[in-house]
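# Coordinate analysis (summary)
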Amino acid sequence: MILGHAGRIDFSTVAGLLRKHRNFYVDVSSLIGRDPGSRSFQLRQLLELTKSWAGSTGQVLLGSDFPLYSQDTTLAVIDELVELVGDAPAGSTPLTVEDVVAVRDRNAATFLSDLGILPGPGSG
């Protein structure tokens, strides 16, 4: 099951579901703040709670909510978060740059590969 918009706002409940159910996934569509100075706040909150409660961000999938938000906008917000996490003081967040990059670049492909829809990594 994939929960669109990551359950929108109630991220602690979502993180608990991700911890309890390994076949439960969320996407990050529409998690873009309106204030240019905090566009990645909701995404960061989701990923930090998920990493803390579920131990991984592997069940968080890329989604853009197109046409409301373009893929470019969503990717730009994820890239902003990559930069924020990379610049954060050690120990100030449970996230690593790799956690955020995986949401952007790999988690959806891994999900589709696990379902047999896409070839797995390393299969020519």
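Preceding this paragraph is the structure being described.
Everything in this summary refers to the structure shown in the same document.

Here is what the cut-offs are and how they apply
Residues numbered from 1 in each chain as written. Predicted model: local features only at pLDDT ≥ 70, side-chain atom pairs only at ≥ 80, totals over all residues. Heavy atoms only, no water. Buried < 20%, exposed > 50% of the residue type's maximum accessible area, 1.4 Å probe, protein only. Helix = DSSP H or I, 4+ residues; strand = E, 2+ residues; numbered from the N terminus. Arc of directions from axis to C-beta. Axes fitted to C-alpha atoms, helices over the stretch in contact; angles between N-to-C directions. Parallel < 35°, antiparallel > 145°, perpendicular 65-115°, else oblique. Contact = heavy atoms within 4.5 Å. Nonpolar A, V, L, I, M, F, W, Y, C, P; charged D, E, K, R; others polar. Pairing = 2+ DSSP bridges.

## Considering helix H1 (residues 11-20)
Listed as buried for H1 are Phe11, Val14, Ala15 and Leu18. Take H1 and look down its axis: the buried residues cluster within an arc of 100 degrees, on one side only. Facing away from the buried surface of H1 by more than 90 degrees, the exposed residues are Arg19 and Lys20.

## Concerning the packing of helix H3 (residues 71-87) against helix H4 (residues 97-105)
The packing of two helices is summarised by the inter-axis angle and the distance between the axes. As a packed pair, H3 and H4 sit with axes 9 Å apart at the nearest point and diverge in direction by 170 degrees. By the angle class used here, H3 and H4 are roughly antiparallel. For the pair H3 and H4, contact is made by Leu75, Ile78, Asp79, Leu81, Val82, Val85 and Gly86 and by Val97, Val100, Val101 and Arg104, respectively. Its residues assigned to classes, the contact of H3 with H4 shows eight nonpolar, one polar and two charged.

## Description of the sheet that holds strand E3 (residues 60-61)
Hydrogen bonds along the backbone pair up the strands of a sheet, which may run parallel or antiparallel. Pairing within the open sheet is parallel, and its three strands lie in the order E1-E2-E3. The open sheet has two edge strands with one neighbour each: strand E1 (2-3) and E3. Pairing of E1 with strand E2 (residues 25-27) involves two bridges; the strand directions are parallel. Within E2, the position partnered with Leu3 by the bridge is Val26.

## Some words on the environment of Val26
Counting through the fold element by element, Val26 comes out in strand E2. Given a relative accessible area of 0%, Val26 falls into the buried group. Spatially, the C-alpha atom of Val26 lies 21 Å from that of Val85, the residues being 59 residues apart in sequence. Once residues within four sequence positions are removed from consideration, Val26 is found in contact with Ile2, Leu3, Ala6, Val14, Leu18, Gln59, Val60 and Leu61.

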